[in-house]
Amino acid sequence: GLLDVVLDPAFATSQLIYGSFSEPQPDGTTNTAVAGVQLMVDGTLVGNGGLSLYGTLGGSGTVNRVFDVYGTAVLNPGEGTGVLTTASETWDNGGTLKFNLEDAAGTAGIGWNLLQIKGSLDVAASAFHLDLTSLGLDNQAGLAQNFDPTKDYSWEIASATNGISRFNVGDLTV
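To start, this report covers the structure provided alongside it. In this text, all values refer to a predicted model and were calculated from it rather than measured experimentally. (Residues numbered from 1 in each chain as written. Predicted model: local features only at pLDDT ≥ 70, side-chain atom pairs only at ≥ 80, totals over all residues. Heavy atoms only, no water.)

1. Focus on the pairing of strand E13 (residues 96-101)
Phase 1: The buried fraction of E13 amounts to 5 of the 6 residues, a majority that puts the element mostly inside the structure.
Phase 2: Relative to E13, strand E10 (residues 74-77) runs parallel, the two being bridged by 2 bridges. In the strand pairing of E13, Val 74 is matched with Thr 96.
Phase 3: Bridge analysis of E13 against strand E16 (residues 128-134) gives 6 bridges, and the strand direction is parallel. Bridge pairing in E16 places Phe 99 opposite Leu 132. (Buried < 20%, exposed > 50% of the residue type's maximum accessible area, 1.4 Å probe, protein only. Helix = DSSP H or I, 4+ residues; strand = E, 2+ residues; numbered from the N terminus. Pairing = 2+ DSSP bridges.)

2. Some words on the nonpolar core
In summary, soluble globular proteins display a tendency toward joint burial of nonpolar side chains.
Phase 1: With 22 residues, the main nonpolar core has Leu 57, Val 69, Leu 75, Trp 91, Leu 97 and Leu 115 as its most contacted residues.
Phase 2: Breaking this core down by element, the ones donating at least two residues are strand E9 (67-69), E13, strand E14 (114-117), strand E15 (121-123) and E16.
Phase 3: Looking at this core, the element that brings in the most residues is E13, giving 3 residues.
Phase 4: Here Leu 115 is in contact with Leu 75, Pro 77, Leu 84, Thr 86, Glu 89, Trp 91, Leu 97, Ile 157, Ala 158 and Ser 159, once residues within four sequence places are set aside. (Core = buried A, V, L, I, M, F, W, Y, C linked by side-chain atoms within 4.5 Å. Contact = heavy atoms within 4.5 Å.)

Encoded structure:
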């Protein structure tokens, strides 16, 4: 059933509504589901069971729940840039990870966003999307600081303390 519905404190400008409901699982447990909403975690999200994600999960906080990312679900670490820390995740078909680059010479969480998984990442998807956005100083789409198109770059955008399984670069679309 319905657990909570809350208007964003800045609803007049953001037009965001946060909501959650309980979702029974085949094994008899119950997950907390977030549907059609944007859930920005800037503290710690705790609780029992898993988390079913049907909207956007983002922010620079910690999610101490195991969850799947699939369908129209979007992971958006940070709010622009930042670090989102989660428990184990499974990435299924149709899900999206947003990668925002603000400063090519910066560090993870400050120059670009980072997904830190305290557990394992299972990439079960045969079609998962990586959404890349360059951000200007105003945190809007634009030219990233210190980016030189003549240079090669490498940025860590996700890590998992217990490893990543079933990853195939061919299953990602950009």
